[in-house]
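# Secondary and tertiary structure notes
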Amino acid sequence: MSSENSTLLHDKPWWRGAVIYQVYPRSFFDSNADGIGDLPGITQKLHYIANLGVDAVWISPFFTSPMKDFGYDVSNYRDVDPLFGTLADFDALIARAHELGLKIIIDQVLSHTSDQHSWFQESRQSRDNPKADWYVWSDAKPDGSPPNNWLSVFGGGAWQWHEPRKQYYLHNFLSSQPDLNFHCRALRQQILAEVEFWLQRGVDGLRLDAINFCFHDAQLRDNPPKPPEKRKARGFSSENPYAAQSHLYDNTQPENLVFLEELRALLNKYPERMSLGEINSEDSLATTAEYTSGSKRLHMGYSFELLSSEFSADYIRETVDGLNQQLPDGWPCWALSNHDVMRVVTRWGKDHNSTDFAKMALALLASLKGTVCMYQGEELGLPEAEIAQHELQDPFGIEFWPAFKGRDGCRTPMPWEQNAQHGGFSTAAATWLPLATTHLPLAVDMQQRDPKSVLNFASAFFSWRKDQAALLCGDMHFLASDNNTLRFTREIDQQKMLCCFNLNAESVSINFPENGQVVLGTEIATEAAAGETYVLPAYGFVFVELRC
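Everything numeric in this text was worked out from a predicted model, so none of it was measured.

Moving on, we come to the pattern of salt bridges. Between side chains of opposite charge, a pair can form as their charged atoms come close. Per the counting criterion, the structure on display carries 22 salt bridges. Residues Glu262 and Arg185 are paired through a salt bridge, measuring 4.0 Å at the closest nitrogen-oxygen approach. With Glu262 in helix α7 (residues 256-267) and Arg185 in helix α6 (residues 185-200), the pair connects residues that are 77 residues apart, well separated along the chain. One salt bridge in this structure joins Glu278 and Arg207, with 3.2 Å as the shortest N-O distance. With a gap of 71 residues between them, Glu278 in strand β10 (residues 274-279) and Arg207 in strand β9 (residues 205-209) connect regions that are remote in the sequence. Exposure remark for Glu278: the relative accessible area of 5% places this residue in the buried category. Within the structure, one salt-bridge network assembled from shared partners comprises Asp69, Asp340, Asp394, Arg407 and Arg411.

Set out below in structure tokens:
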């Protein structure tokens, strides 16, 4: 590596080009034999995460909650739910992570709370109490119907009648998740105080859930219908009526930009802290560009574009290039799996050649310009788990079964040991979701012993990537490529890398550049000589360093 590139890697913000490992606490590791994963369990497994070669850990919500939406319904922003441990356990987790060189990112669910939160309990009492306008309340129409036609993501209308106030309240998700009123300045100031509590506790970053849902249209205008041909659903069934509206007024309002700047000003008081916003809007790429533009809003945006069921070289190229074109000074974050969508090995790979597909998917994800979010089990190549209807826990799946089976299939417990009870996840008699038997042959202990496993590939690849300035920070340019293949370059200063991927379940031929040297790839690719046309196997890939 050139001295210029070495200096660049040393000076860049830690989050630019980082690999972030998402942990879903309920399903990672159970330390107290109650069938549910917890914070001490995460702490016990931090060495495993560090050995993957990742840079940071994003922990999904662990705050006090009635768990109607499994932690995304917060009833106390400043405490740990007893299911997961204590504040002392969280402090110990942060300390251990920092010892291992890992950053800690926590979920902040700011657009709504649980209806059990003390703020809502006060707000619901009357129209003139101190927190009366901390939530979105509205009178009924003259005929008694809701204020407008807005819908809940989780099914049905987005308004719930509340008899004591004789008003409706807004809920974009479950009726037990009332929306906060960000038009209220006192509420915004309180939310910033809740965030600062965790910054003072030493967290390195915030993953901001549904951040574009904070503000609603103050005039409560109806959403217009969406033409059937434009109804696409990311993360939920297209049968969900939510997809039938253009969501112009219930989220992604211009006032949100001011709040993001207030949030960024707070973060700037704490050195090297980062914000990553989850964005799911009518045009998520445009919103991501807007929310990350300049240096006054979010550090990064995280969209659902590559979490969809659409899988082709053309779709990936158009999506990634589309964001790159709109984002000259912002920074994206890409993911192929998370706790809300079907696992990528099943969703895109259809469980065919799953080991090869999983390796290719990880290499592709980590080669795109931006930061990487990978979901627990992705490094094992886990497929989606089959969950019987009577085993469902997810209210989303329960509502829309069988057209949409919910999110439980990607949330099942991690398989640590093939021959241990519950795959080594827990010693309890039963676990909150069953561990998938199809995951047992892919358990961590089995893969650690197999030099050709997805796990060993992932740790070797991420270790190699740390020294590739072009992949971490370089510009990205797509090249012409046919037969459902992707070719693009990443380039910075004295390093230029050609990245080639075969997205097919069968082999394809690719021309090899004369001025290049293979530095990493599938076995058949690494044997190719410069200038040759060679066969890239099913789900094969190759990285070629080009002479500048």
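Relative to the helices and strands, Glu384 is located in the loop between β13 (371-375) and α12 (395-400). Here the alpha-carbon distance between Glu384 and Asp340, two residues 44 residues apart in the chain, equals 12 Å. In contact with Glu384, other than residues within four places in its own chain, are Val341, Met342, Arg343, Thr346, Gly409 and Cys410. From its side chain, Glu384 meets the backbone nitrogen of Arg343 in a polar contact 2.9 Å long.

Right, let's talk about the sheet that holds β10 for a bit. Strand-to-strand pairing in sheets goes through backbone hydrogen bonds, with the strands running parallel or antiparallel. Overall, parallel pairing links the 8 strands, which are arranged β1-β2-β5-β9-β10-β11-β12-β13 in a closed barrel. Neighbouring strand axes in the sheet, compared pairwise and without regard to direction, differ in orientation by 25 degrees on average. Here β10 runs beside strand β11 (residues 300-303); their pairing, made up of 4 bridges, is parallel. Looking at the pairing, Ile279 lines up with Ser303 of β11.

Right, let's get into the nonpolar core. Across soluble globular proteins, nonpolar side chains have a tendency to be buried as a group. Counting 128 residues, the largest nonpolar core has Tyr21, Tyr48, Ile49, Phe62, Phe259, Phe501 and Phe543 as the members making the most contacts within it. Within the second largest apolar cluster, 17 residues are counted, among which are Met300, Cys333, Val341 and Cys373.

Ordered in space as β14-β15-β16-β20-β18, the 5 strands form an open sheet in which the pairing is antiparallel. Edge positions in the sheet fall to β14 (475-478) and β18 (516-521), since each has one partner strand and no second. Direction aside, the axes of adjacent strands within the sheet are offset by 25 degrees on average. As paired strands, β18 and strand β20 (residues 541-546) are joined by 5 bridges and run antiparallel to one another. Paired with Val518 across the two strands is Val544, which belongs to β20.

On to the packing of helix α8 (residues 284-292) against helix α9 (residues 313-326), then. Between α8 and α9, the shortest axis-to-axis distance is 9 Å and the interhelical angle comes to 30 degrees. α9 is crossed by α8, and the crossing has right-handed handedness. Contact residues: α8 offers Leu285, Ala286, Thr288 and Ala289, while α9 offers Thr319, Gly322, Leu323 and Gln326. Residues of the contact of α8 with α9, tallied by class, amount to 4 nonpolar, 4 polar and no charged.

Per the counting criterion, the structure on display carries 0 disulfides. You can see Cys184 has no disulfide; the closest cysteine sulfur is in Cys214, sitting 13 Å from it. Since its relative accessible area comes to 9%, Cys184 is described here as buried. Unpaired in this structure, Cys499 has its nearest cysteine sulfur neighbour in Cys500, at a distance of 7.4 Å.

Right, let's talk about the pairing of strand β2 (residues 56-59) for a bit. Both faces of β2 are covered, namely the face carrying Ala56 and Trp58 and the face carrying Val57 and Ile59. In the sheet, strand β1 (residues 19-23) pairs with β2 via 4 bridges, with the strands oriented parallel. From the neighbouring strand, Val23 faces β2, where its bridge partner is Ile59.

Moving on: α6. Structural remark: α-helix, 3.6 residues per turn; residues separated by three or four positions point the same way. A rise of 1.5 Å per residue sets the reference length of α6, with its 16 residues, at 22 Å; its end C-alpha atoms lie 23 Å apart and thus fit the reference within 8%. Every buried residue of α6 is listed here: Leu187, Arg188, Ile191, Leu192, Glu194, Val195, Phe197, Trp198 and Leu199. One or two steps after α6, the chain reaches Gly202, where phi turns positive at roughly 105 degrees.

Examined against the element boundaries, Asp445 turns out to sit in helix α13 (residues 444-448). Buried Asp445, no salt bridge; nearest opposite-charge side chain is Arg449, N-O distance 4.1 Å. Beyond its immediate chain neighbours, meaning those up to four positions away, Asp445 contacts Trp416, Glu417 and Gln418.

Another point: unusual backbone geometry. The amide bond that connects Trp401 to the next residue, Pro402, takes the cis arrangement and shows omega of 0 degrees. Within the element layout of this structure, Pro402 appears in the loop between α12 and α13. Located in the positive-phi region is Phe70, a residue other than glycine, with phi close to 50 degrees. Its location among the elements puts Phe70 in the loop between β3 (63-64) and β4 (76-80).

Applying the stated criterion across every chain yields a total of 42 aromatic pairs. With a centroid separation of 5.7 Å and an interplanar angle of 85 degrees, the aromatic rings of Phe62 and Trp198 are classed as edge-to-face. Here the residue Phe62 occupies a position in the loop between β2 and β3, and Trp198 occupies one in helix α6, the gap between them amounting to 136 residues. With a centroid separation of 5.1 Å and 70 degrees between ring planes, the pair formed by Phe120 and Tyr169 is classed as edge-to-face. Here Phe120 is found in helix α5 (residues 118-123), whereas its partner Tyr169 is found in strand β8 (residues 167-170), with 49 residues between them in sequence. Side by side, Phe120 and Tyr169 carry an identical accessibility label, which is buried. Chaining the aromatic ring pairs together yields one cluster made of Phe457, Phe461, Phe462, Trp464, Phe478, Phe488, Phe501, Phe541 and Phe543. Sitting over the ring of Trp432, Arg26 keeps its end group 4.4 Å from the ring centre. Its guanidinium or amino end placed over the ring of Tyr302, Arg207 lies 5.7 Å from that ring's centre, counting from NZ or CZ.

Here we come to the layout of surface pockets. Estimates place the volume of the second largest pocket at around 390 Å³. In terms of lining, the second largest pocket is formed by 17 residues, of which the most central are Lys359, Phe457, Gly521, Thr522 and Phe541. Breaking the lining of the second largest pocket down by element, the ones donating at least two residues are α11 (354-365), α14 (454-465) and β18. At 4 residues, the largest contribution of residues to the lining of the second largest pocket is made by α14. Its residues placed into classes, the lining of the second largest pocket shows 9 nonpolar, 4 polar and 4 charged.

Reading guide: rules and limits
Residues numbered from 1 in each chain as written. Predicted model: local features only at pLDDT ≥ 70, side-chain atom pairs only at ≥ 80, totals over all residues. Heavy atoms only, no water. Salt bridge = Lys/Arg side-chain N within 4 Å of Asp/Glu carboxyl O. Helix = DSSP H or I, 4+ residues; strand = E, 2+ residues; numbered from the N terminus. Buried < 20%, exposed > 50% of the residue type's maximum accessible area, 1.4 Å probe, protein only. Contact = heavy atoms within 4.5 Å. Polar contact = N/O pair within 3.5 Å; in protein donor to acceptor, adjacent residues only side chain to side chain. Pairing = 2+ DSSP bridges. Axes fitted to C-alpha atoms, helices over the stretch in contact; angles between N-to-C directions. Core = buried A, V, L, I, M, F, W, Y, C linked by side-chain atoms within 4.5 Å. Left-handed = near helix turned anticlockwise from the far one by under 90°. Nonpolar A, V, L, I, M, F, W, Y, C, P; charged D, E, K, R; others polar. Disulfide = S-S within 2.5 Å. Expected span 1.5 Å × (residues − 1). Lys, Arg positive; Asp, Glu negative; His and termini not counted. Phe/Tyr/Trp six-rings, centres within 6.5 Å; stacked < 30°, edge-to-face > 60°. Lys NZ or Arg CZ within 6 Å of the ring centre and 35° of its normal. 1 Å grid on protein atoms, 1.4 Å probe; cavity = no way out; pocket = protein on both sides within 12 Å on 5 of 7 lines; lining within 4 Å. Points joined across faces, edges and corners; volume = space filled by probe spheres on them.

So far we have only geometry, and geometry alone does not tell us how the molecule works.
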